[in-house]
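# Chain and residue survey
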Amino acid sequence: MAKEVRDLPVVAAGAVDTPFGIVGYEEVVACDTTWGEHSHAFHELLWNERGASTAVVGARVWTITPSLGLWMPAGTLHSASAVAGTWLRAGFFGFHTTPFLSDVPVTVEITPLLRLLLERLGEPELSPASRTTTEAMVLDALEPSPRELLVQAPTSAFLRPIAEALREHPGDQRTLADWAAELGVSTRTVTRAFNAETGTSFARWVASVRAQHAVALLTRGWDVEAVAEQVGYRSASAFGAAFRRTTGLTPGTFRTS
């Protein structure tokens, strides 16, 4: 399958004049696509009309979906990826013309109201007065969400075998004790390394990795039972319970028909 790598520039926040308030962007990627590390002079609100994509800032990996978007502040160095067929959406927020939501990346719930307001900004016949009013309503509806699909990736050579194994096979059933034995260390050593590098336990980190993989499959139309098996759960109910504990959402939130 064809793959595309796009290189974009690194631009400091506000370094380029952005006289606009909020302008929209959308694209259906024809093939698996990655964007190398780059940054923008303006703020971005990223979400998808269809499918799931990822955005990476340092060791943090967010999954972006039709219901959970991501606020990317101007000047933030990030990379991204999307599989073929993903329908990407974005709102570009002028650095000097709009207040910023946050100076760090944060998840934003794409509510029906926010979606309608962003859609309205794309109407070609929108009058200047109506655009100003709608932009103000977007900014009022925009707020960080406590729900997110975020994984803090471990970066050390010590934990790399675990990270690579789970990334390739999220259903990997090896336990903390199994990995400690393979690495020739104690379970306490692995536990401390995970806490230090990811800010969470091994079990919670595995659950987060599985949730991210699950969302990518759900947005492609996989049924819940098949997703549960693929990401290592013995039943759909066990998967659903783990998914809700991890994300605060149900798998059905991301299920496409």
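Residues numbered from 1 in each chain as written. Predicted model: local features only at pLDDT ≥ 70, side-chain atom pairs only at ≥ 80, totals over all residues. Heavy atoms only, no water.

## Describing helix α2 (residues 128-141)
How we decide: We count a stretch as a helix when DSSP gives it H or I for four or more residues in a row; a strand needs E for two or more, and each element gets its number in order from the N terminus. Working rule for helices: expected span equals 1.5 Å times residues minus one. Whether a residue is buried, partly exposed or exposed follows from its accessible area with a 1.4 Å probe, protein chains only, as a fraction of its type maximum: under 20%, in between, or over 50%, in that order. The directions from the helix axis to the C-beta atoms are what the arc is built from.
With 14 residues, α2 extends 20 Å between its outermost C-alpha atoms, agreeing within 8% with the 20 Å of an ideal straight helix rising 1.5 Å per residue. Of the positions making up α2, those classed as buried are Thr-134, Glu-135 and Val-138. Axial view of α2: buried residues confined to an arc of 105°, hence all on one face. Along α2, exposed side chains directed more than 90 degrees from the buried face belong to Ala-129, Thr-132 and Asp-140.

## Focus: the pairing of strand β9 (residues 87-93)
Convention followed: One requirement defines pairing of two strands: DSSP has to find at least two bridges between them.
The buried count for β9 comes to 6 of 7 residues, which makes it a mostly enclosed element. Relative to β9, strand β2 (residues 22-28) is paired through 7 bridges, and the arrangement is antiparallel. Among the inter-strand pairings, Ile-22 is bridged to a residue of β9, identified as Phe-93. The sheet contact formed by strand β4 (residues 43-50) and β9 spans 7 bridges and is antiparallel. Bridged to His-43 within β9 is Phe-93.

## Details of the environment of Glu-148
We count it as follows: Residue contacts are defined here by distance: any two heavy atoms, one from each residue, within 4.5 Å place the two residues in contact.
Relative to the assigned elements, Glu-148 resides in the loop between α2 and β11 (150-152). Expressed as a C-alpha distance, the spacing of Glu-148 and Ser-208, which sit 60 residues apart in the sequence, is 9.9 Å. Excluding residues that lie within four positions of it along the chain, Glu-148 makes contacts with Trp-62, Leu-68 and Thr-107.

## Points about the nonpolar core
Spelled out, the test is: Put simply, a nonpolar core is a bunch of buried Ala, Val, Leu, Ile, Met, Phe, Trp, Tyr and Cys residues held in one set by side-chain atoms that sit within 4.5 Å of each other.
Grouped together as the largest cluster of nonpolar side chains are 18 residues, with contacts concentrated most on Ala-214, Val-215, Val-227, Tyr-233, Phe-239, Phe-243 and Phe-254. Among the elements of the structure, α6 (202-218), α7 (224-230) and α8 (236-247) are those that each provide at least two residues to this core.

## A short note on α8
In this model α8 runs 16 Å from its N-terminal to its C-terminal C-alpha over 12 residues, within 8% of the 16 Å that 1.5 Å per residue would give. Three or more residues of α8 are buried, namely Phe-239, Gly-240, Ala-242, Phe-243 and Thr-247. Of the surrounding elements, those touching the buried residues of α8 are α6 and α7. Remark: Gly-248 follows α8 within two positions and exhibits a positive phi of approximately 80°.

## So, the environment of Val-23
Assignment of secondary structure puts Val-23 in strand β2. Through-space distance from the C-alpha of Val-23 to that of Ala-59 is 29 Å; in sequence the pair is 36 residues apart. Beyond its immediate sequence surroundings of up to four residues, Val-23 is in contact with Ala-90, Gly-91 and Phe-92.

## Some points on the sheet that holds β11
Defined as follows: The axes used here are C-alpha line fits, helices contributing only the stretch in contact, and every angle between their N-to-C directions lies in the interval 0 to 180 degrees.
With mixed pairing, the 6 strands of this open sheet are ordered in space as β1-β3-β8-β5-β6-β11. Two strands bound the open sheet, and with one partner strand each, they are β1 (3-6) and β11. For this sheet, the mean inter-axis angle between neighbouring strands, taken without regard to orientation, is 15°. Of the pairings in the sheet, the one linking strand β3 (residues 32-38) to strand β8 (residues 78-82) comprises 4 bridges and is antiparallel in character. Note on β8: the bridge partner recorded for His-38 is His-78. Sheet strands in contact with α6 are β6 (60-64) and β11, and its direction is about 135° off that of β11.

## Considerations on the sheet that holds β2
Sheet strands pair via backbone hydrogen bonds, and the direction of the pair is either parallel or antiparallel. As summarised here, the arrangement of the 5 strands in space is β2-β9-β4-β7-β10, forming an open sheet in which the pairing is antiparallel. Edge positions in the sheet fall to β2 and β10 (106-109), since each has one partner strand and no second. Geometrically, the sheet is characterised by an average inter-axis angle of 25° between neighbouring strands, direction not taken into account. Relative to β10, strand β7 (residues 68-72) runs antiparallel, the two being bridged by 4 bridges. In the strand pairing of β10, Leu-70 is matched with Thr-107. Strands β4, β9 and β10 of the sheet are contacted by helix α1 (residues 112-120), whose axis makes an angle of about 105° with β4.

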